[in-house]
Amino acid sequence: MLRISSLSSTVCTLAIVVSASCSSQDASTPGLAPASTEVDSGAPVTPAGDANDATKPRTTPPPLPIIPNAGGPLVARPEIVTLTWQGDSIASDLETFDDWLVPSDFWKDLMAEWGVGPGVHVASYRIPDTAPSTLDDSAIAKLIADLVAAGRIPAPNGSRIYTVYPPTGVIVTNRFLGSGCDGGFQAYHSAFRTASDVLAPYAVTPRCENNAKAAGMSPTDYVTWGASHEVMEAASDPDPLHHPAWVIRTQTDETPEPGENADLCTGHPTRVDGRLVTRNWSNVAAKKGERPCVPAPAGPMFGAFADPMIVAPDTSVTTKVKVYASSDLPDFKVAARPYDPNLSATLNRSVANDGDELELTVTANSRYTATPGSNIVALYAGTSDYTTRHAVIIRRR
């Protein structure tokens, strides 16, 4: 979703129990360069002139979140099974992407700390039937089960992740997440259990061509960005509702943004080997106070943060935002974006540097209810090649 991932469950036909998590449609951030332009250059960030006084104490940020492990299962050696529909103009591109993803050095580097190793793309199947105009999650789970029963695709074995790519024009719905591409979600991953209790994770990425166009992306880029997010999470947290592995489940002042590893880097795509993919959260980097959404270009950590706020419906509240950089940087852009459509957020300045204090004004309309997980204003800070995000909890008076 545009916001964070949400965790939910669905009971589907055929007694299939499903758990779901989703990714963002956040293609860009107000006031910052579109996320699609954030491409690792490999070059260190060079300060321009007197960015900071070397004798001035630096602002100390709050610790970065650390995603805990709850002991649930992993997909340690993923086996990808790709599902597309015949006649889909980018089916070959998506099959090629799945060939590349899990055996790649990119995957190995990002997933090792989560206990997930490299995998293999074991099968592709192009569904010969005409795709329906609307495809609900329950139908997707049944589709996979039916194709397995018919011998068209390999059966679940606990390691197989089914990537489902509905073609242009198909509206994907989910009982808990809403409708894809219209502000509900960009992609999501779920799982069902077979009659013999084998977990079958799958990732669903709708086409969302209007969103891709608005973000300045090709349809293929937009889909691979969302799919990489969900396949990473399906491997490192394949059953988040019933048997969670790597996930922040509870919103607290220390962990204001619940979600899985790719969720914490929503809105931060990068291009690797010519393919647009998500960055992924690194606990290792976060513990060191380094740039946590990896791969990251060399340079200091920086950002903007504020204490939780309390806002009543039909009122506005203003608070101080502190800006930091762990070492010298040129002035960088800052922006605020609420996750809840019933909130608005503005900053009094759009450019800042370490030690600056900004003013954040948050306004709630009459419909604001402070739904946990959505009651966040994200503070983005961006240089030419990297963006950070700190979440501010907004509570309801």
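Residues numbered from 1 in each chain as written. Predicted model: local features only at pLDDT ≥ 70, side-chain atom pairs only at ≥ 80, totals over all residues. Heavy atoms only, no water.

Draft legend 1. Expanded view of the overall build of the protein. The number of helices and strands found in the protein is six helices and 23 strands. Considering the protein as a whole, with its 397 residues, one finds that 56% of them fall into the buried category. In the protein, 71% of the contacts between residues at least 6 apart in sequence involve partners at least 24 apart. Counting only carbon and sulfur atoms, one obtains 51% of the accessible surface of the protein, whose full area is about 15,300 Å². (Helix = DSSP H or I, 4+ residues; strand = E, 2+ residues; numbered from the N terminus. Buried < 20%, exposed > 50% of the residue type's maximum accessible area, 1.4 Å probe, protein only. Contact = heavy atoms within 4.5 Å. Areas by Shrake-Rupley, 256 points an atom, 1.4 Å probe, with all protein chains shown as cover.)

Draft legend 2. Structural context of unusual backbone geometry. The residue after Val 294, namely Pro 295, is reached through a cis peptide bond having omega 5 degrees. Non-glycine residue Asp 197 carries a positive phi angle of around 65 degrees. Exposure remark for Asp 197: the relative accessible area of 52% places this residue in the exposed category. Phi angles above zero are rare outside glycine, and Ala 370 is one such case at about 60 degrees. If you trace the backbone, Ala 370 turns up in the loop between β21 (357-364) and β22 (376-382). The class for Ala 370 is buried, based on a relative accessible area of 14%.

Draft legend 3. Here's a closer look at the nonpolar core. Trp 107, Trp 281, Leu 360, Val 362 and Ile 394 are the most contacted members of the largest nonpolar core, which has 66 residues in total. When near neighbours in sequence (up to four residues on either side) are disregarded, Leu 360 contacts Met 309, Val 317, Thr 318, Thr 319, Val 321, Ala 336, Ala 345, Thr 346, Leu 347, Val 377 and Leu 379. Among the nonpolar cores identified, the runner-up in size contains 24 residues, and Ala 123, Ile 127, Ile 140 and Val 172 belong to it. (Core = buried A, V, L, I, M, F, W, Y, C linked by side-chain atoms within 4.5 Å.)

Draft legend 4. Layout of the side chain of Arg 207. Tracing the sequence through the fold places Arg 207 in the loop between β10 (199-204) and α4 (209-214). Given the relative accessible area of 3%, Arg 207 is considered buried. There is a polar contact of 3.3 Å between the side chain of Arg 207 and the backbone oxygen of Pro 166. If we skip the residues at most four places from it in the chain, Arg 207 touches Asp 88, Ile 90, Leu 94, Tyr 165, Pro 166, Pro 167, Thr 168, Pro 219, Tyr 222 and Val 223. (Polar contact = N/O pair within 3.5 Å; in protein donor to acceptor, adjacent residues only side chain to side chain.)

Draft legend 5. Summary view of the sheet that holds strand β8 (residues 178-179). Spatially, three strands are ordered β5-β7-β8 in an open sheet, and the strand pairing comes out mixed. Each end of this open sheet is capped by a strand with a single partner; those strands are β5 (134-136) and β8. Bridge count for strand β7 (residues 171-174) against β8 is two bridges, and the pairing is antiparallel. Residue Asn 174 lies in a different strand from β8, and its bridge partner there is Gly 178. The strands touched by helix α3 (residues 137-149) within the sheet are β5 and β7, with β5 carrying the most contacts at an inclination of about 80 degrees. (Pairing = 2+ DSSP bridges. Axes fitted to C-alpha atoms, helices over the stretch in contact; angles between N-to-C directions.)

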